[in-house]
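Letter by letter, the chains look like this.
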Amino acid sequence: MLRSLFGFGLLLGVQLAVPSIALSAGLSEIQERGYLIVAIKDNWQPLGFRDETGELVGFEIDIARRLAEALLGDPNAVEFQPVSNLDRVNQVVDGGVDVAIANITVTPQRQRIASFSLPYYHDGVGFLTQSPQIQALEDLRTGQVALLDNSSTVAHVRYILPGATLTPVATYQDALTLLTSQQVDAFAGDVTLLAGWVQQDDSYHLLPDIISIEPLAIVMPKGTQYRPLRREINQLVESWHDEGWLQERANHWGLP
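Okay, so let's go over this structure. Just so it is clear, the structure is predicted and the values come from calculations on it, not from any experiment.

Structural notes on the sheet that holds strand 4 (residues 56-57)
So, point 1. Taken in spatial order, the three strands line up as 2-3-4 in an open sheet, and their pairing is antiparallel. Of all strands in the sheet, those bounded by a partner on one side alone are strand 2 (43-44) and strand 4.

Let's talk about the packing of helix 3 (residues 59-72) against helix 9 (residues 227-242)
So, point 1. At their nearest, the axes of helix 3 and helix 9 sit 11 Å apart, and the two run at 120° to each other. With respect to helix 9, the element helix 3 is oriented oblique. Viewed along their axes, helix 3 and helix 9 form a crossing whose handedness is right-handed. In this structure, helix 3 contributes I63, R66, L67, A70 and L71 to the contact, and helix 9 contributes L229, E232, I233, L236 and W240.
So, point 2. By residue class, the composition of the contact of helix 3 with helix 9 is eight nonpolar, no polar and two charged.

Quick look at the sheet that holds strand 9 (residues 125-129)
So, point 1. Pairing within the open sheet is mixed, and its five strands lie in the order 11-10-12-9-13. Because the sheet does not close on itself, it has two edges, and the strands there are strand 11 (165-169) and strand 13 (205-206).
So, point 2. Here strand 10 (residues 144-148) runs beside strand 11; their pairing, made up of five bridges, is parallel. Within the sheet, the bridge partner assigned to Q144 lies in strand 11 and is T165.

Here we look at the side chain of R230
So, point 1. With respect to the helices and strands, R230 occurs in helix 9.
So, point 2. For R230, the side chain forms a polar contact with the main-chain oxygen of P221, separated by 2.9 Å.
So, point 3. Residues in contact with R230, not counting those within four places in the same chain, are S115, M220, P221, K222, G223 and T224.

Some details on the side chain of R249
So, point 1. Structurally, R249 is set in helix 10 (residues 245-252).
So, point 2. R249 sits in the buried class, given a relative accessible area of 16%.
So, point 3. Setting aside residues up to four positions removed in sequence, R249 forms contacts with F59 and D62.

Looking at the packing of aromatic side chains
So, point 1. Counting across every chain of the model gives eight aromatic pairs.
So, point 2. Seen in terms of ring centroids, W44 and Y172 are 6.2 Å apart; in terms of plane orientation they differ by 85°. Their pairing is edge-to-face. Taken as a pair, W44 in strand 2 and Y172 in helix 7 (residues 172-180) lie far apart in primary sequence, 128 residues in all.
So, point 3. Grouped by ring-pair contacts, the aromatic residues W44, Y172, F187 and W197 constitute a single cluster.
So, point 4. Lying across the ring of Y35, R33 places its NZ or CZ 5.1 Å from the centre.
So, point 5. Over the ring of W245 we find R66; its NZ or CZ atom is 4.8 Å from the centre of that ring.

Details of unusual backbone geometry
So, point 1. Following Q45, the chain continues to P46 via a peptide bond in cis, the omega torsion being 10°.
So, point 2. Inspection of the secondary structure assignment puts P46 in the loop between strand 2 and strand 3 (48-50).
So, point 3. Of note, the phi angle at N150 is positive, near 65°, even though the residue is not glycine.
So, point 4. Of note, N150 is situated in the loop between strand 10 and helix 6 (153-160).
So, point 5. Phi is positive for Q182, which is not a glycine, with a value near 60°.
So, point 6. Among the secondary structure elements, Q182 is positioned in the loop between helix 7 and strand 12 (186-190).

Considering the pattern of salt bridges
So, point 1. In total, this model carries five salt bridges according to the counting rule given.
So, point 2. Across the pair D98 and R33 runs a salt bridge whose closest N-O atoms are separated by 2.7 Å. You can see D98 sitting in the loop between helix 4 (88-93) and strand 6 (99-100) and its partner R33 sitting in helix 2 (residues 27-33), a full 65 residues away along the chain.
So, point 3. Overall, D98 belongs to the buried group, its relative accessible area being 2%.
So, point 4. For D42, the salt bridge goes to R50, with nearest N and O atoms at 3.9 Å.
So, point 5. Classification of D42 by relative accessible area gives partly exposed; the value is 25%.
So, point 6. Connected through salt bridges with shared partners, the residues D62, E248 and R249 form a single ionic network.

Conventions we followed
- The numbers attached to residues start from 1 for each chain and follow its sequence in the written order.
- Residues qualify for local features only when their pLDDT is at least 70, as the model is predicted, and side-chain atom pairs are given and counted only at 80 or more; totals for whole chains, interfaces and linings, by contrast, use all residues.
- Each side-chain value is worked out from all heavy atoms of the structure, with water and hydrogens disregarded.
- Whether two strands pair depends on DSSP finding at least two bridges between them.
- Each helix is a run of DSSP H or I of at least 4 residues and each strand a run of E of at least 2, with the numbering of both proceeding from the N terminus.
- Axis angles are defined between N-to-C directions and span 0 to 180 degrees, where every axis is a line fitted to C-alpha atoms and, for a helix, only to the segment in contact.
- What sets the label is the angle itself: under 35 degrees gives roughly parallel, over 145 gives roughly antiparallel, 65 to 115 gives roughly perpendicular, and the rest give oblique.
- Each helix crossing is assigned a hand: it is left-handed if the near helix lies turned anticlockwise from the far helix by less than a right angle, otherwise right-handed if that turn is clockwise.
- In this analysis, two residues are considered to be in contact whenever any of their non-hydrogen atoms come within 4.5 Å of each other.
- Amino acids are sorted into nonpolar (Ala, Val, Leu, Ile, Met, Phe, Trp, Tyr, Cys and Pro), charged (Asp, Glu, Lys and Arg) and polar (every other residue, Gly among them).
- Throughout this description, a polar contact denotes any pair of N or O atoms lying within 3.5 Å of each other; where both atoms belong to protein, one of them has to be capable of donating a hydrogen while the other can accept it, and for residues adjacent in sequence the pair is counted only when both atoms sit in side chains.
- Three labels apply to residues, based on accessible area from a 1.4 Å probe with only protein chains included: buried if under 20% of the type maximum, exposed if over 50%, partly exposed otherwise in between.
- When the centres of two rings from Phe, Tyr and Trp lie within 6.5 Å, Trp using its six-membered ring, the rings pair. Their planes under 30 degrees apart give stacked, over 60 give edge-to-face, and anything left gives tilted.
- Cation placement over rings: the criterion is NZ of Lys or CZ of Arg within 6 Å of the ring centroid and within 35° of the ring normal.
- Salt bridge criterion: a side-chain nitrogen from Lys or Arg within 4 Å of a carboxyl oxygen from Asp or Glu.

Here you go:
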């Protein structure tokens, strides 16, 4: 019956409705369009944030502009799309953006649905404190450490500091409240985030110890049609490493 109705619809010239699928642009489409659409963070100092004038700045913003310059000859030929953490990879998969440069770590789960460039930076779990008595990881062996509840940070800290008391928090603001009221000795989280907190309030300091390595990379769409884009971006990231530009930019933005 279904087959008969389908054939009847074709005979009448009826267009049957089918779901539309958004496709990401490949390298040639991006170059023909004349600008790059990039998912970024606008609230993650120093990776991507708005300065006092409202302009988007940061380490990952620099990378996006350098990428636009390499692909299109103009560092300003880029349209920024601020995204939430939940939408960072999905925006690429769904075709809402060309690439994402938004503090995204490479994981096996994400690699199943998207492609990743060579890493442009290695994030990791670090420790932030206001206490002048805490200068190294060993000073927290029996201390109280706040961290985001149900985050991957919990396992890292529990392994490295088995004698510490872990205090889960729901938000970063909760962590700051505990730190400033001295209810905990330190907060454990991504060093890219903690570096920004130090830049905004120099009463905090980062410990020199980083207890994990989590590569950050540019997210790109999967599929053979995107191979030229992936190849070009990987070559660019490799050259930026070789010439020292990525390290210089990381130093400029105060990343450890």
